[in-house]
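# Structural characterization, general
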Amino acid sequence: MKNSNMLKGVLVFLCTLALTGCGAGNGDTTGGTQGSPMNASTETGNGAQAGESKGNAEELLNACSLSGSVIEFTDGGCTINPTIDDGQTAKSAAAGHEDIADQVNVQYQEDCVFQTAVVDVASGNAELGAASLSDIKKSTKLVIYGDFTDFHNLMADRVIIWRYGQEG
(Lines give C-alpha, C1' and ligand atoms only; values in the text may rest on other atoms or scores of the structure.)
Protein backbone atom coordinates (compact mmCIF):
# COMPACT_ATOMS: atom_id res chain seq x y z
CA MET A 1 0.00 0.00 0.00
CA LYS A 2 2.82 2.38 0.88
CA ASN A 3 4.51 1.72 -2.48
CA SER A 4 1.18 2.26 -4.23
CA ASN A 5 0.72 5.67 -2.59
CA MET A 6 4.32 6.63 -3.35
CA LEU A 7 3.87 5.54 -6.97
CA LYS A 8 0.69 7.60 -7.24
CA GLY A 9 2.52 10.65 -5.87
CA VAL A 10 5.40 10.29 -8.29
CA LEU A 11 3.00 9.75 -11.20
CA VAL A 12 1.02 12.87 -10.27
CA PHE A 13 4.25 14.86 -10.16
CA LEU A 14 5.34 13.46 -13.55
CA CYS A 15 1.97 14.22 -15.15
CA THR A 16 1.98 17.73 -13.72
CA LEU A 17 5.40 18.43 -15.14
CA ALA A 18 4.26 17.13 -18.53
CA LEU A 19 1.12 19.28 -18.47
CA THR A 20 2.53 22.58 -17.25
CA GLY A 21 -0.14 24.68 -18.93
CA CYS A 22 -2.30 24.82 -15.81
CA GLY A 23 -0.99 28.21 -14.64
CA ALA A 24 0.62 29.39 -11.43
CA GLY A 25 -1.01 29.28 -8.02
CA ASN A 26 -0.48 31.23 -4.83
CA GLY A 27 0.41 28.22 -2.67
CA ASP A 28 3.56 27.09 -0.91
CA THR A 29 6.59 27.14 -3.22
CA THR A 30 8.96 25.33 -0.91
CA GLY A 31 8.05 21.78 -1.91
CA GLY A 32 8.44 20.58 1.67
CA THR A 33 10.59 21.13 4.70
CA GLN A 34 14.19 22.22 4.54
CA GLY A 35 17.02 19.76 4.90
CA SER A 36 18.14 16.73 3.01
CA PRO A 37 17.25 13.12 3.74
CA MET A 38 20.59 12.18 2.23
CA ASN A 39 23.49 14.06 3.68
CA ALA A 40 27.16 13.21 3.96
CA SER A 41 26.58 11.13 7.10
CA THR A 42 24.15 8.66 5.50
CA GLU A 43 25.09 5.47 3.73
CA THR A 44 24.12 6.85 0.33
CA GLY A 45 26.14 10.03 0.72
CA ASN A 46 25.51 13.07 -1.40
CA GLY A 47 26.33 11.30 -4.65
CA ALA A 48 28.45 14.05 -6.14
CA GLN A 49 31.44 13.08 -4.03
CA ALA A 50 30.69 9.43 -3.30
CA GLY A 51 29.82 8.34 -6.85
CA GLU A 52 26.39 7.13 -7.78
CA SER A 53 23.83 6.13 -5.17
CA LYS A 54 20.12 5.44 -4.84
CA GLY A 55 17.49 7.32 -2.95
CA ASN A 56 13.75 7.56 -2.57
CA ALA A 57 12.32 10.13 -4.99
CA GLU A 58 9.44 11.05 -2.71
CA GLU A 59 11.77 11.69 0.24
CA LEU A 60 14.02 13.85 -1.92
CA LEU A 61 11.06 15.96 -3.05
CA ASN A 62 9.55 16.25 0.43
CA ALA A 63 12.82 17.42 1.97
CA CYS A 64 13.78 20.02 -0.64
CA SER A 65 13.49 23.76 -0.17
CA LEU A 66 12.27 24.39 -3.73
CA SER A 67 11.54 22.52 -6.95
CA GLY A 68 10.75 23.89 -10.38
CA SER A 69 12.00 24.73 -13.86
CA VAL A 70 14.86 27.03 -14.84
CA ILE A 71 13.73 30.26 -16.55
CA GLU A 72 17.17 31.91 -16.73
CA PHE A 73 20.63 30.80 -15.59
CA THR A 74 24.10 32.22 -14.93
CA ASP A 75 27.31 30.88 -13.40
CA GLY A 76 26.24 32.18 -10.00
CA GLY A 77 22.61 31.13 -9.92
CA CYS A 78 19.33 30.82 -11.75
CA THR A 79 15.71 31.98 -11.75
CA ILE A 80 13.15 29.27 -11.04
CA ASN A 81 9.50 28.91 -12.01
CA PRO A 82 8.47 27.01 -8.85
CA THR A 83 6.39 23.87 -8.79
CA ILE A 84 3.60 24.43 -6.30
CA ASP A 85 2.51 21.31 -4.44
CA ASP A 86 -0.60 21.39 -2.25
CA GLY A 87 -0.20 17.77 -1.16
CA GLN A 88 -2.59 16.40 -3.78
CA THR A 89 -1.44 18.06 -7.00
CA ALA A 90 1.67 19.81 -8.19
CA LYS A 91 1.55 22.58 -10.78
CA SER A 92 3.65 25.29 -12.35
CA ALA A 93 3.11 28.00 -14.93
CA ALA A 94 3.58 27.11 -18.58
CA ALA A 95 6.88 28.13 -20.16
CA GLY A 96 6.66 31.76 -21.26
CA HIS A 97 3.67 32.46 -18.99
CA GLU A 98 5.46 32.66 -15.65
CA ASP A 99 4.33 35.32 -13.19
CA ILE A 100 7.30 37.39 -12.04
CA ALA A 101 5.75 37.53 -8.55
CA ASP A 102 6.09 33.74 -8.22
CA GLN A 103 9.68 33.43 -9.50
CA VAL A 104 12.50 32.57 -7.11
CA ASN A 105 16.12 33.69 -7.57
CA VAL A 106 18.57 30.96 -6.58
CA GLN A 107 22.20 31.76 -5.75
CA TYR A 108 24.67 28.88 -5.52
CA GLN A 109 26.84 28.84 -2.40
CA GLU A 110 30.58 28.31 -2.96
CA ASP A 111 30.42 24.68 -1.80
CA CYS A 112 27.13 23.89 -3.60
CA VAL A 113 26.84 20.23 -4.63
CA PHE A 114 25.37 19.49 -8.07
CA GLN A 115 23.78 16.10 -8.75
CA THR A 116 21.50 14.36 -11.22
CA ALA A 117 18.59 12.17 -10.20
CA VAL A 118 17.14 9.76 -12.72
CA VAL A 119 13.79 8.74 -11.27
CA ASP A 120 12.16 5.41 -12.08
CA VAL A 121 8.44 6.15 -11.84
CA ALA A 122 7.52 2.48 -11.37
CA SER A 123 9.74 1.89 -8.33
CA GLY A 124 10.01 5.42 -6.95
CA ASN A 125 13.79 5.09 -6.79
CA ALA A 126 16.10 7.91 -7.76
CA GLU A 127 19.54 7.04 -9.11
CA LEU A 128 21.83 9.86 -7.96
CA GLY A 129 25.00 10.79 -9.81
CA ALA A 130 27.48 13.61 -10.09
CA ALA A 131 26.64 16.68 -12.17
CA SER A 132 28.10 20.12 -12.74
CA LEU A 133 26.89 23.67 -13.07
CA SER A 134 27.22 23.41 -16.86
CA ASP A 135 24.46 20.75 -16.90
CA ILE A 136 21.86 23.35 -15.90
CA LYS A 137 20.08 24.88 -18.90
CA LYS A 138 16.81 26.68 -19.56
CA SER A 139 13.76 24.51 -18.72
CA THR A 140 15.85 22.07 -16.65
CA LYS A 141 13.82 20.62 -13.78
CA LEU A 142 15.62 21.22 -10.47
CA VAL A 143 15.17 20.10 -6.87
CA ILE A 144 17.00 22.57 -4.64
CA TYR A 145 18.11 22.47 -1.00
CA GLY A 146 19.19 25.54 0.93
CA ASP A 147 17.92 28.48 2.94
CA PHE A 148 15.53 31.22 1.86
CA THR A 149 16.83 34.71 2.62
CA ASP A 150 13.36 36.03 1.80
CA PHE A 151 10.34 34.79 -0.19
CA HIS A 152 12.01 35.27 -3.59
CA ASN A 153 15.67 34.48 -2.85
CA LEU A 154 17.27 31.14 -1.97
CA MET A 155 20.91 30.34 -1.13
CA ALA A 156 21.42 26.81 -2.48
CA ASP A 157 23.85 24.30 -1.00
CA ARG A 158 22.60 21.32 -3.05
CA VAL A 159 21.01 21.25 -6.51
CA ILE A 160 19.61 18.09 -8.10
CA ILE A 161 18.84 17.96 -11.83
CA TRP A 162 15.62 15.92 -11.97
CA ARG A 163 15.00 13.53 -14.86
CA TYR A 164 12.68 10.59 -15.45
CA GLY A 165 13.85 7.25 -16.79
CA GLN A 166 13.88 3.55 -16.04
CA GLU A 167 16.12 1.44 -13.86
CA GLY A 168 18.35 -1.06 -15.53
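Residues numbered from 1 in each chain as written. Predicted model: local features only at pLDDT ≥ 70, side-chain atom pairs only at ≥ 80, totals over all residues. Heavy atoms only, no water.

## Points about the pairing of strand β6 (residues 104–120)
Direction of pairing for strand β3 (residues 77–82) relative to β6: antiparallel, over a ladder of four bridges. Each residue of the ladder has a partner; that of Thr79, found in β6, is Asn105. Relative to strand β7 (residues 125–130), β6 runs antiparallel, the two sharing five bridges. Residue pairing in the sheet places Val118 in a bridge with Glu127 of β7. A loop of four residues connects β6 with β7, the two strands running antiparallel in sequence, and Gly124 in this loop sits at a positive phi of about 80 degrees. (Pairing = 2+ DSSP bridges. Helix = DSSP H or I, 4+ residues; strand = E, 2+ residues; numbered from the N terminus.)

## A word on the confidence of the model for the protein
Here the protein shows a mean pLDDT of 77. Residues at 70 or above account for 67%. Of all secondary-structure elements in the protein, the lowest mean pLDDT belongs to helix α1 (residues 2–18), at 56, while strand β8 (residues 141–150) reaches the highest, 97. (pLDDT = per-residue confidence, 0-100.)

## Some points on the packing of aromatic side chains
For the structure shown, the criterion picks out one aromatic pair. Ring centres of Tyr108 and Phe114 lie 5.1 Å apart, and the angle between their planes is 80 degrees; this geometry places the pair in the edge-to-face category. In terms of burial, Tyr108 and Phe114 fall into one category: buried. Seen from the ring of Tyr145, Arg158 lies directly overhead, with NZ or CZ sitting 4.8 Å from the centre. (Phe/Tyr/Trp six-rings, centres within 6.5 Å; stacked < 30°, edge-to-face > 60°. Buried < 20%, exposed > 50% of the residue type's maximum accessible area, 1.4 Å probe, protein only. Lys NZ or Arg CZ within 6 Å of the ring centre and 35° of its normal.)

## Comments concerning a negative patch on the surface
A cluster of like negative charges, contributed by Glu110, Asp111, Asp147 and Asp157, occupies part of the molecular surface. Counting through the fold element by element, Asp111 comes out in strand β6. (Patch = residues over 30% accessible without salt bridge, like charges linked within 9 Å, V, L, I, M, F, W, Y side chains within 5 Å. Areas by Shrake-Rupley, 256 points an atom, 1.4 Å probe, with all protein chains shown as cover. Salt bridge = Lys/Arg side-chain N within 4 Å of Asp/Glu carboxyl O. Lys, Arg positive; Asp, Glu negative; His and termini not counted. Charge placed at Lys NZ, Arg CZ, Asp CG, Glu CD.)

## Some points on the side chain of Ser69
Mapped onto the elements of the fold, Ser69 is located in strand β2 (residues 66–73). The exposure class assigned to Ser69 is buried, which follows from its relative accessible area of 10%. A polar side-chain atom of Ser69 sits 3.0 Å from a polar atom in the side chain of Lys141. Excluding its chain neighbours within four sequence positions, the residues that come into contact with Ser69 are Thr79, Ile80, Asn81, Ser139, Thr140 and Lys141. (Polar contact = N/O pair within 3.5 Å; in protein donor to acceptor, adjacent residues only side chain to side chain. Contact = heavy atoms within 4.5 Å.)

## Here's the deal with the side chain of Thr140
With respect to the helices and strands, Thr140 occurs in the loop between β7 and β8. According to the relative accessible area criterion, Thr140 is buried, its value standing at 12%. Not counting residues up to four positions away in its chain, the partners in contact with Thr140 are Gly68, Ser69, Val70, Asp135 and Ile161.

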